[in-house]
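So you can see what is in the structure, the chains are spelled out below.
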Amino acid sequence: MLFCVFFEFARVPLFVLVGVWGHEERRRGAVTFFIYTLAGSVLAFLGLVTIVLWNAAHIGSITFDIDLLTAGLAQHPLPMDAEGGYLQWLVFLALMVGFAVKVPIFPLHTWLPLAHVEAPTGGSVDLAGVLLKIGIYGFLRFSLPMLPDATALAAPWLFALGAFGIVYGALVALVQQDLKRLIAYSSVSHMGYVVMGLFALEPVAIEGANLQLINHGLSSAGLFALVGMLYERFHTRSIANLGGVAAKAPWLTALFVLFTFSSIGLPGLNGFVGEFMILAGSFQRAWTGVAVGLEQQYLVLAVMGVVGVVLGAWYMLWAVERVFFGAS
């Protein structure tokens, strides 16, 4: 119940931050964010209520304790056949939509760039550092342990969505002219790695996904904070209108370069470890752990994750070059 309450309540302060203290299109950004996350939360809530009621029907009492529910569903799992109405699959889909909107998983990501761009600096930091992690936490605590059969069935599709999200987010970031929007799309790409690692269903990849949640929360939140500092000084986020910042703000430049290196996974910094574990687990799954006939597809998707690393370095370093070391 506490998870449900705070899963819902997290929307309220961010809605106020974006809608009251945001930029020109703050109301549109706040309403889009609210509608998307509300629709997903309703489905997730219905799925969790179904789990509680199913467990209560078999043990004779209602409990909301996550560990007890997990143990109960291990003894009497939700049905995955036509006789049971594919109930486990339906509950998994409801939870998946609710959690996927929060992550957000491509293609349910469209609220995120708008909310990030219109949010004040503190709102963007909260979005990147906290809100995007709640959906992955939901997958880890509910979908994977309580609905294992449906998770195994859906894993190839979610693994693919993670890989496509990596490349899509990177390609869209590459053409952005607004520095804050560029970092927003980089978040879509980076959360694709987390989804990919989680649904590789390999221990090393799942551990890497957990670590990458922390890494992304530090690096992206730091980049959004630094973009806010740039905006306060120069009153623009346009990459074309910025240039030569390094000569005017050397310490700001040094910090931005450090967080950029962390974001693109430079060896020696935090982003490298999580991405390496995710990619290692993804290739391990492709080579040794998938059904016959899926090896090639998994291998292509794992290679897409490697391509995303290259694209991430491209758009971030190109942005740093133009903003900090280009012509003023």
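You'll find the structure just up there.
Below you will find a few notes about this structure. (Residues numbered from 1 in each chain as written. Predicted model: local features only at pLDDT ≥ 70, side-chain atom pairs only at ≥ 80, totals over all residues. Heavy atoms only, no water.)

Regarding the overall build of the protein chain
Across its full length, the protein chain carries 14 helices and zero strands. The order of helices and strands in the protein chain, counted from the N terminus, is α-α-α-α-α-α-α-α-α-α-α-α-α-α. Computed over the C-alpha atoms, the radius of gyration of the protein chain is 21 Å, within 12% of the 20 Å expected from 2.2 N^0.38 for a compact globule of 328 residues. Structurally, the protein chain occupies a C-alpha span of about 70 × 45 × 25 Å along its principal axes. Residues classed as buried in the protein chain amount to 54% of the 328 residues present. Contacts in the protein chain between residues far apart in sequence, at least 24 positions, make up 77% of those at least 6 positions apart. (Helix = DSSP H or I, 4+ residues; strand = E, 2+ residues; numbered from the N terminus. Rg over C-alpha atoms; globule rule 2.2 N^0.38 Å. Buried < 20%, exposed > 50% of the residue type's maximum accessible area, 1.4 Å probe, protein only. Contact = heavy atoms within 4.5 Å.)

Describing the packing of aromatic side chains
Enumeration according to the criterion identifies 16 aromatic pairs in this entry. Ring geometry for Phe 7 and Phe 99: centres 5.8 Å apart, planes at 85 degrees, overall edge-to-face. One end of the pair, Phe 7, is in helix α1 (residues 2-9); the other, Phe 99, is in helix α5 (residues 87-102), and 92 residues separate them in sequence. Taking relative accessible area as the criterion, Phe 7 reaches 4% and is therefore assigned buried. What makes Phe 99 buried here is its relative accessible area of 0%. Pairwise contacts between aromatic rings join Phe 3, Phe 7, Phe 99, Tyr 137, Phe 139, Phe 142 and Phe 199 into one cluster. Of note, Arg 11 hangs over the ring of Phe 34, and the distance from its end group to the ring centre comes to 5.4 Å. The ring of Trp 318 carries the charged tip of Arg 322 above its face, separated from the ring centre by 3.7 Å. (Phe/Tyr/Trp six-rings, centres within 6.5 Å; stacked < 30°, edge-to-face > 60°. Lys NZ or Arg CZ within 6 Å of the ring centre and 35° of its normal.)

Thoughts on the pattern of salt bridges
Inspection of the entire model under this criterion finds five salt bridges. Salt-bridge contacts for Arg 11 lead to Glu 8; the nearest nitrogen and oxygen are separated by 2.9 Å. Glu 8 gets classed as partly exposed once you look at its relative accessible area, which sits at 24%. (Salt bridge = Lys/Arg side-chain N within 4 Å of Asp/Glu carboxyl O.)

A word on helix α8 (residues 148-174)
Between its first and last C-alpha atoms α8 spans 37 Å; for 27 residues at 1.5 Å apiece the expected length is 39 Å, and the two agree. If you look at α8, its biggest bend is around 50 degrees, right at Ala 154, and the proline Pro 156 turns up within four residues after that. (Expected span 1.5 Å × (residues − 1). Bend = angle between axes of the 7 residues up to and from the residue.)

Observations regarding the side chain of Arg 285
Following the sequence through the fold, Arg 285 ends up in helix α13 (residues 270-288). Assessed through its relative accessible area of 15%, Arg 285 is described here as buried.

As for unusual backbone geometry
Cis rather than trans, the peptide bond between Val 103 and Pro 104 has omega equal to -10 degrees. Located in the positive-phi region is Leu 201, a residue other than glycine, with phi close to 60 degrees. Inspection of the secondary structure assignment puts Leu 201 in the loop between α9 (179-198) and α10 (203-234). By relative accessible area, Leu 201 is classed as partly exposed at 27%. The phi dihedral of His 235 is positive, around 60 degrees, even though this residue is not glycine. Mapped onto the fold, His 235 is located in the loop between α10 and α11 (245-248).

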